[in-house]
Amino acid sequence: MNQRTTFLHGNFSSSRLVRLLSDWAPVEAQASRQDFAERLSQWLGVSDAITLHAAHQSIQPVAAGKPPGTHALKVTALEVEFDRLRTALVNAIVASGAAPARMKRDRHMLPQAEAAPEPDAGFAPYQQRYLDQQRHMALQIEALRGHVRHAVALASPRLGPLTAMDAVLEQMLGGREQKLMGTVPAVLERRFAQLRTAHQLEQAAAQQPDDPASWRQPGGWQHSFGKELEAALLAELEVRLQPVTGLMEALRNEVGKYQ
């Protein structure tokens, strides 16, 4: 667990998503001096702590042994699958475009765009776009995480304790993660209002007539906001993929010991 907690401690608080949100909605806050375990304890209730302790106690040590030669192939196959999914999710984010659209939603598939709404439709279409992309990422990454966890446990019994703990943490912290990610659209809504107000003040100072059709053109305020929304989605994707990245890195390091 030490390697995993170090990874989380060193990366989450300095993630690109946190930096972006801090730039758009700065708050006065002192840097926390608590380590990862101390901060994690604030997320867990008594029942969670009992569950985590029981899971830890149930993990049995596995004797060291040389893994079969197929493990390198397993790592390669997982990396290919990871890259394929990550590329597909990135492409879906970028393809959704700077101008959001009304969506036809299906339970398991990413919504397909119909006609784009009017430029003055407000933040609602952007919010729907973000929520749809979040749902799509969550479904796809949850499936990938379970698959990678299973593959890692089969490929290296020594990593069984890590995969078992990852399964428990996913179940315990999933709700908290969903709640935290749910605050991102609220920050983006404030950012949307900031850019709109700045545009209105600029137009008033210049005493020029406004042209809503230009808002989504390069240089327009909604075009800029669309790029920022896209950046937030890509940054959130990186955060959501971290647990999977950690599992794959652990397997890669384990296989590397015997090469």
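Coordinates for the structure precede this section.
Since the structure is predicted, the reported quantities are computational estimates derived from the model, not experimental observations.

(A) Region of the structure containing the overall build of the protein. Of regular secondary structure, the protein possesses nine helices and two strands. For the protein, the residues scored as buried account for 39% of the 259 residues in total. Carbon and sulfur atoms make up 55% of the accessible area of the protein, which amounts to about 15,000 Å² in all.

(B) Spatial organisation of the packing of aromatic side chains. Taken as a whole and assessed by the stated rule, the structure comprises seven aromatic pairs. Between Tyr126 and Phe192, the aromatic rings sit 5.7 Å apart at their centres with planes inclined by 50°, giving tilted as the arrangement. Taken together, the residues Tyr126 in helix α6 (residues 124-155) and Phe192 in helix α8 (residues 184-206) connect sequence positions 66 residues apart. Residues Tyr126 and Phe192 agree in their burial class; the two are buried. These aromatic residues form a ring-pair network of at least three members: Phe123, Tyr126, Phe192, Trp215, Trp221 and Phe225.

(C) The pattern of salt bridges, seen in detail. Taken as a whole and assessed by the stated rule, the structure comprises nine salt bridges. Notably, a salt bridge pairs Arg158 with Glu254, separated by 2.6 Å at the nearest N-O pair. Of the two residues, Arg158 sits in the loop between α6 and α7 (160-181) while Glu254 sits in helix α9 (residues 221-256), which places them 96 residues apart along the sequence. Residue class for Arg158 comes out partly exposed when judged on its relative accessible area of 31%. Between Arg191 and Glu228 there is a salt bridge, with its nearest N and O atoms 2.8 Å apart. With a gap of 37 residues between them, Arg191 in helix α8 and Glu228 in helix α9 connect regions that are remote in the sequence. Residue Arg191 is classed as buried on the basis of its relative accessible area, which comes to 19%. Members of the salt-bridge network, linked through shared partners, are Arg145, Arg149, Asp166 and Glu170.

Procedures and definitions
- Residues numbered from 1 in each chain as written.
- Predicted model: local features only at pLDDT ≥ 70, side-chain atom pairs only at ≥ 80, totals over all residues.
- Heavy atoms only, no water.
- Helix = DSSP H or I, 4+ residues; strand = E, 2+ residues; numbered from the N terminus.
- Buried < 20%, exposed > 50% of the residue type's maximum accessible area, 1.4 Å probe, protein only.
- Areas by Shrake-Rupley, 256 points an atom, 1.4 Å probe, with all protein chains shown as cover.
- Phe/Tyr/Trp six-rings, centres within 6.5 Å; stacked < 30°, edge-to-face > 60°.
- Salt bridge = Lys/Arg side-chain N within 4 Å of Asp/Glu carboxyl O.

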